[in-house]
Amino acid sequence: MVRPNEHLVRLGWTAAALGLSVGPHLPRMPVWISLLTLACIGWRMLAAVRGWKAPWQWLRLLMATAGFAAVVATYGTVNGIEAGTALLVVMMDMKLLETWRRRDYQVLMFISYFLVMAQLLYEPSMWTLPYMIAAVGLSTTALMQTVRQGPAIPAAKAARMVATMLSLALPLMLVLFLLFPRVPGPFWAMPTRGGGITGLDDVMTPGSVNALSLSDAVAFRAAFDGDVPPPAQRYWRGPVLHSFDGASWRDPGGRPWRPLEVPRQGAAVRYRVTLEPSSRPWLMALDYPAEWTQPRAYLSADYQLLSRRPVEQLTAYEVVSYPEALNGVALRDGDRIRDLRLPPGRNPRARELAETLRSQYPEDGDYIQAVLDRFTLEPYTYTLRPPALRGSHPVDEFLFDTRRGFCEHFASAFAVLMRAGGVPARVVTGYQGGELNPLNNRMTVRQSDAHAWTEVWLPGPGWIRLDPTAAVAPDRIERNLAEALPDSDLVPGRFMRSLPLLVTLQQRWDALDSAWNEWVLAYGPDRQIALLRAMGVGSPDWRSLAAALGASVVLLLAGIALWTAWRYRPPAEDRVQRLYHRYVSRLARRGIRREPWEGPLVLADRAERELPAFAGAIRSITRSYVRLRYEEGASEAELIRLQRLLRGFRP
Amino acid sequence: MMKLPALLGAPIRYARRALREWALRRQGLDPDPVTLHRRRIYIIPSGLGIGFGLVLFAMLLASMNYNSSMGFGLTFLLAGLGMVAMHWCHQSLAGLVVRSVRLRPAFAGEDARLELCLENVSKSPRYELLVAGDDHQAPPVDLEPGESGIVSLPVATRERGVLRLSRINLATGFPFGLFRCWTWLHPDTFGVVYPHPGGPADPPPPRNTDTGGAQDERRGEEDFAGLRTFRPGDSPRHVAWKAAARGGELLVKQFAGTGVTTHWLDWSMLDGMDTEQRLSRLTRWVVDAHAEGHAYGLRIPGTEIPPAISASHRHRCLSTLALYEPHAGRPGAAHG
């Protein structure tokens, strides 16, 4: 059916479409997949040029099995976005080897759509919108060219046609996007994304947080309803770490969940968080979250807001927190033992110091103040590049020898001194601070705002936050990281902050990115309801949503139908022809229908015979028409004459 | 499960036939030319379109599962594209003009040729127009704005007589093959199927009887009797050069009185054969005599065609044979 050169044209379109949809995936994948893809596309093109046949079926089957096995060997699974996409790419390569019939090309284009989908799930940033439209456009053009039985349409014409269709489809997409009822997922478990995302961890070793501090990536954004809390209250709670092995702190886990009452004391802070995906179930909130809109989220025993599933897509939720509240919880005996435990034989000098201080200050409050004073008065330096602690007593090394550290060094040392002095203590990681963008009044919290602090338990107030970093480097809390660090430290954004123009540009971009996140990526049922309310629906629910969707789609489809009909309209008649048609239809009203074979003169003869009263007019009109039509240089005056004649012609 | 398509086959065939009959009742016979109104154009998703729907459904599920806004965006963009394609496909046929539908004559058992002209009187091109009969499909036609194209399609014949076209299917899957949009044409046209010419047979003995100028030897070569196709050995003087210059095949002028053989092809010469065998033998004689350039006349019960030489004469004779009804020749005979 298909001629060889036609095959080449089809293959060219297919290869271009597949190239665009598979391209962004390849850098993330092992090299063998890229090589295989290039080899398969190359072989298929060569086969089309040389007129080769498809490889034997058993060979293809063997290769497909080998490809599947290689994906399983590389990823350990075929489930999830990464492994699934790799498998899709390998299967696409195998399909290329047997693509000879039209149906095969169609299957390839469907695979291409899925690859675009995978890319969007992977990286839903702003530039993916034009990418998506371009990739869909190219794949669709390739589909149009390959399903045809006839020869391919010239490239420019085909591209123009698909561009027209896309511009008609975009309003439909917008309406569906805004109004299609969103069922909150997930329905089935998804394997988490394997690494690649920088963010908080549930293990804190000296040096783990300052690695994060070099990343300028956005962790989340917050929009406050009303006043923005002061910097000293901007503690965004992450994992709470209880168990210490002498060097690292971790979350032992396995604690039973029990409902917690958050005392509603002081001013409430209401805000909306748009959280970037972290592959962790941690939802960021200010101390202490009392209400939240995220479905199926809950508060851990350590007041950490948790989601049931790891956050794999941008997520938005609203929270009400009470930063000034005192939790006043009682510490059970088991918990007290856990939060006082220190590994025996590690960090002996720190313990010795704690015991000395404790004997001087028997009151808990005095003891805590004495330890904090030590951090302030002794020459401790807050730095992003602390010396590495290599010994088996890292806290001792930091406290007495190097005396240079980042927040995790201070938090860890402080908690150790507290525990050694008999005060239950734990380390809390999270984010501290955030930058307010004056353009949209949103607070942007970056990975470089990652922080670690401590909490101690006192009878009465319960767990209270104590941040030793604030004692050493108050600027870290009151202003930002760059202000708190010595000038010799390289801090992301410090150079930029010295150029006002760049700052403005950066704020603009941040506002744009924030708007994209809030209105596109985090668009969900709550925004849909708000939209309906803004459109004037009294009490919106999913029924009114479906009704609004149906009405808008029907309206748009009617518009598309009208537009295509207009596009296929017959060409307009010229003025002479229009006038003559009017004459013919007036004759027809009197029962004189023009037969297809009748010329103007023959028609006129017949009409004169049947309507003798109008014979003169019929003759003049016909003569005028014939003159306009067939005589060279017929004037504008003749046309006016015909118009005048027709005005008076009412048989 | 394997039997399912077979089980469904009969109801589907029945539904299809019912639908076609309903369309015929609704539309009636078509005038010529006919402009396809949008109300007579039907559209359903093709197999590929159903596959596309499944792809969209899978994408919707994935978007919900991953709660991905961009995933929803892609799904809805493709859905929108599908809906646009549906309208585009439908509009590719609406307003198309079909004219000059005719069936060329053929011998029984051979394929008759159906010819029709598709005319695109619109400002946009129409692609991938597929014309199909009951068992044959013509190659696809693309029409630029204002262009027209002739489609020819073989139609199978079985027996002599009048060949009526039940319907022609005019369809397109443009742009993406996701939908199949079609209309049924019921042209008010018919063709003649000549009887099948039997195997080679000797022509009947020639009779030199009254054939115009044959008696007047002097007028001989001036008595023009018709044209026939050129055969090696013909005198160049007799070639119709003017007709040849207009293009087409080389024709040779035939003159009465130039030694033309004349046959009377007579029904009554073929005693001992049944009706169809007689018609078949007569057909063979007509075909052979015409090819040889002989003049011939036809005599069958109820009809007598005087001898002549021409393509239209051949058609007249063959049509008479094709449409012969046994009882018409014997008035008053009871229908058996």
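Residues numbered from 1 in each chain as written. Chains lettered and ligands numbered in written order. Predicted model: local features only at pLDDT ≥ 70, side-chain atom pairs only at ≥ 80, totals over all residues.

Peer 1: When you look at the overall build of chain B in this model, what are you seeing that I'm missing?
Peer 2: Scanning chain B from terminus to terminus reveals six helices and 17 strands. Across chain B, contacts joining residues at least 24 apart in sequence account for 68% of those joining residues at least 6 apart. (Helix = DSSP H or I, 4+ residues; strand = E, 2+ residues; numbered from the N terminus. Contact = placed C-beta atoms within 7 Å.)

Peer 1: In this structure, what is going on with the overall build of chain A? I would like to understand it.
Peer 2: Counting its regular elements, chain A contains 24 helices and 18 strands. By the compact-globule yardstick of 26 Å for 651 residues, chain A is too spread out, its C-alpha radius of gyration being 37 Å. Referenced to the eigenvectors of the C-alpha coordinate spread, the extents of chain A come out at roughly 135 × 65 × 50 Å. Considering only contacts in chain A between residues 6 or more positions apart, those separated by 24 or more positions represent 73%. (Rg over C-alpha atoms; globule rule 2.2 N^0.38 Å.)

Peer 1: Got a minute to help me understand the domain arrangement of chain A in this structure?
Peer 2: For an interface, size is often stated in terms of accessible area lost upon the parts coming together. As far as domains go, chain A holds domain 1 (4-153), domain 2 (527-567) and domain 3 (575-647). In this structure, domain 1 of chain A and domain 2 of chain A have C-alpha centres spaced 36 Å apart. (Domains from an automatic or database assignment.)

Peer 1: I'm lost on the nonpolar core in this one. Help?
Peer 2: Most often, soluble globular proteins keep nonpolar side chains buried together rather than apart. Of all hydrophobic cores here, the largest spans 131 residues; its most connected members are Val116, Met117, Met165 and Ala169 of chain A together with Leu74 and Ala85 of chain B. Sorting elements by how many residues they give to this core places helix 3 (residues 69-93) of chain B first, with 14 residues. If sequence neighbours within four positions are ignored, Leu74 of chain B has contacts with Val116, Met117, Leu120 and Met132 of chain A together with Met59 of chain B. Membership of the second largest hydrophobic core comes to 77 residues, among which are Tyr271, Trp282, Cys407 and Phe414 of chain A. (Core = buried A, V, L, I, M, F, W, Y, C linked by C-beta atoms within 7 Å. Buried ≥ 20, exposed ≤ 12 C-beta atoms within 10 Å, placed from the backbone.)

Peer 1: What am I meant to see in the sheet that holds strand 9 (residues 161-164) of chain B here?
Peer 2: Pairing between sheet strands relies on hydrogen bonds along the backbone, with the strands arranged either parallel or antiparallel. Residues and elements named next belong to chain B. With respect to topology, three strands assemble into an open sheet ordered 4-12-9, the strand pairing being mixed. Two strands close off the open sheet at either side, each with one partner strand: strand 4 (106-107) and strand 9. One ladder, built from two bridges, connects strand 4 with strand 12 (residues 190-194); its direction is parallel. Bridging from a neighbouring strand, Phe107 pairs with Tyr194 of strand 12. Running over the sheet, helix 6 (residues 311-322) touches strand 9 and strand 12 and is turned about 85° from strand 12. (Pairing = 2+ DSSP bridges. Axes fitted to C-alpha atoms, helices over the stretch in contact; angles between N-to-C directions.)

Peer 1: Would you mind showing me how to read the environment of Tyr127 of chain B here?
Peer 2: Within the secondary structure, Tyr127 of chain B sits in strand 6 (residues 126-132). The class for Tyr127 of chain B is buried, based on 21 C-beta atoms found within 10 Å. When the C-alpha positions of Tyr127 of chain B and Asp188 of chain B are compared, they lie 26 Å apart, and in sequence the two are 61 residues distant. Setting aside its immediate chain neighbours within four residues, Tyr127 of chain B contacts Ile153 of chain A together with Asp142 and Phe174 of chain B.

Peer 1: Could you clarify how one ought to interpret the interface of chain B and chain A in this entry?
Peer 2: Listed by partner, the interface residues are 42 residues for chain B and 52 residues for chain A. Contributions of two or more residues to the side of chain B that touches chain A are made by helix 2 (47-66), helix 3 and strand 6 of chain B. Residues belonging to the side of chain B that touches chain A are distributed by class as follows: 24 nonpolar, 15 polar and three charged. (Nonpolar A, V, L, I, M, F, W, Y, C, P; charged D, E, K, R; others polar.)

Peer 1: Which parts of the structure should I look at to understand the sheet that holds strand 1 (residues 203-204) of chain A?
Peer 2: All names here are of chain A. Across the sheet, which stays open at both edges, the three strands sit in the order 1-5-4 with antiparallel pairing between neighbours. Strand pairing shows two members of the sheet lacking a second neighbour, strand 1 and strand 4 (243-244), which therefore form its edges. Note that strand 1 and strand 5 (residues 249-250) share two bridges and pair antiparallel. Bridge pairing links Val203 to Arg250 in strand 5.

Peer 1: What's the story with unusual backbone geometry in this structure? I'm lost.
Peer 2: What you tend to see is this: most non-glycine residues have negative phi, and most peptide bonds are trans. Following Asp287 of chain A, the chain continues into Tyr288 of chain A via a peptide bond in cis, with omega recorded as -20°. Within the secondary structure, Tyr288 of chain A is located in the loop between strand 7 (282-283) and strand 8 (289-292). Following Phe174 of chain B, the chain continues into Pro175 of chain B via a peptide bond in cis, with omega recorded as 5°. Its place among the elements puts Pro175 of chain B in the loop between strand 10 (168-172) and strand 11 (179-185). For Arg403 of chain A, which is not glycine, the phi torsion reads 60° and is therefore positive. In this structure, Arg403 of chain A sits in the loop between helix 12 (394-402) and strand 13 (404-405). Positive phi values are uncommon outside glycine, yet Ser100 of chain B reaches one of about 50°.

Peer 1: Whenever I open this one, the pairing of strand 3 (residues 235-241) of chain A confuses me. Can you help?
Peer 2: Within a regular beta strand, the side chains point alternately toward one face of the sheet and then the other, so they alternate between its two faces. All names here are of chain A. By the criterion of burial, strand 3 is predominantly enclosed, with seven of the seven residues buried. As defined by bridge partners, strand 3 adjoins strand 14 (residues 425-432) across five bridges and the pair is classed as antiparallel. Residue Tyr235 lies in a different strand from strand 14, and its bridge partner there is Gln432.

Peer 1: Just to check I follow, could you spell out the environment of Leu439 of chain A for this structure?
Peer 2: All names here are of chain A. Following the sequence through the fold, Leu439 ends up in the loop between strand 15 (435-437) and strand 16 (442-446). On the basis of neighbour count, Leu439 is assigned to the partly exposed category, with 15 C-beta atoms found within 10 Å. For the pair Leu439 and Arg272, spaced 167 residues apart in sequence, the C-alpha separation works out to 17 Å. Not counting residues within four places of it along the chain, the set of residues in contact with Leu439 comprises Gln507, Arg508 and Ala511.

Peer 1: Looking at this structure, how should I read the domain arrangement of chain B?
Peer 2: All names here are of chain B. Looking at chain B, the domain boundaries give domain 1 (28-191) and domain 2 (212-329). Across the boundary between the two partners, domain 1 contributes four residues, which contact four residues of domain 2. Considering only residue class, the side of domain 1 that touches domain 2 consists of two nonpolar, one polar and one charged.

Peer 1: Whenever I open this one, helix 12 of chain A confuses me. Can you help?
Peer 2: Residues lying three or four places apart along an α-helix face the same way, a consequence of the helix completing one turn every 3.6 residues. Residue and element names in this part refer to chain A. Buried within helix 12 we find Pro394, Val395, Asp396, Glu397, Phe398 and Leu399. In this structure, the buried residues of helix 12 make contact with helix 10 (348-360), strand 13 and helix 13 (407-420). Following helix 12 by one or two positions, Arg403 adopts a phi angle in the positive range, close to 60°.

Peer 1: Explain helix 10 of chain A to me, please; I cannot follow it from the model alone.
Peer 2: All names here are of chain A. With 13 residues, helix 10 should reach 18 Å at 1.5 Å per residue; the first-to-last C-alpha distance of 19 Å fits that figure. Of all the positions in helix 10, only Ala350, Arg351, Leu353 and Ala354 are classed as buried. Looking straight down helix 10, one finds its buried side chains confined to an arc of 160°; they lie on one side. Exposed side of helix 10, more than 90 degrees from the buried face: Pro348, Glu352, Glu355, Thr356, Ser359 and Gln360 are the residues found there. Those residues of helix 10 that are buried lie in contact with helix 12 and helix 13. (Expected span 1.5 Å × (residues − 1). Arc of directions from axis to C-beta.)

Peer 1: Help me understand the confidence of the model for chain B, please; the structure alone is not making it clear to me.
Peer 2: Low-confidence regions, as indicated by low pLDDT, have predicted coordinates that should not be scrutinised in detail. All names here are of chain B. Per-residue pLDDT for chain B averages 81, and the proportion of residues at 70 or more is 84%. Counting contacts from residues 209-220, a segment whose pLDDT is below 50, to residues more than four positions away or on other chains yields 21 contacts. pLDDT under 50 marks residues 329-336. Its contacts with residues more than four places away, or in other chains, come to five contacts. Both confidence scores are given for the complex: pTM 0.77, ipTM 0.77. (pLDDT = per-residue confidence, 0-100.)

Peer 1: In this structure, what is going on with the environment of Gly137 of chain A? I would like to understand it.
Peer 2: Its location among the elements puts Gly137 of chain A in helix 6 (residues 128-147). Setting aside its immediate chain neighbours within four residues, Gly137 of chain A contacts Val162, Ala163 and Leu166 of chain A.

Peer 1: How should the packing of helix 10 of chain A against helix 13 of chain A be read in this particular structure?
Peer 2: Helix packing for two helices is described by the angle between their axes and how far apart those axes are. All names here are of chain A. Put simply, helix 10 and helix 13 touch, their axes get as near as 8 Å, and they point 55° apart. As the angle between them shows, helix 10 and helix 13 are arranged oblique. Here helix 10 runs over helix 13; the crossing is right-handed. The segment helix 10 lies against helix 13, with Ala350, Arg351, Leu353, Ala354 and Glu355 engaging Ala413, Val416, Leu417 and Ala420. For the contact of helix 10 with helix 13, the residue count by class is seven nonpolar, no polar and two charged. (Parallel < 35°, antiparallel > 145°, perpendicular 65-115°, else oblique. Left-handed = near helix turned anticlockwise from the far one by under 90°.)

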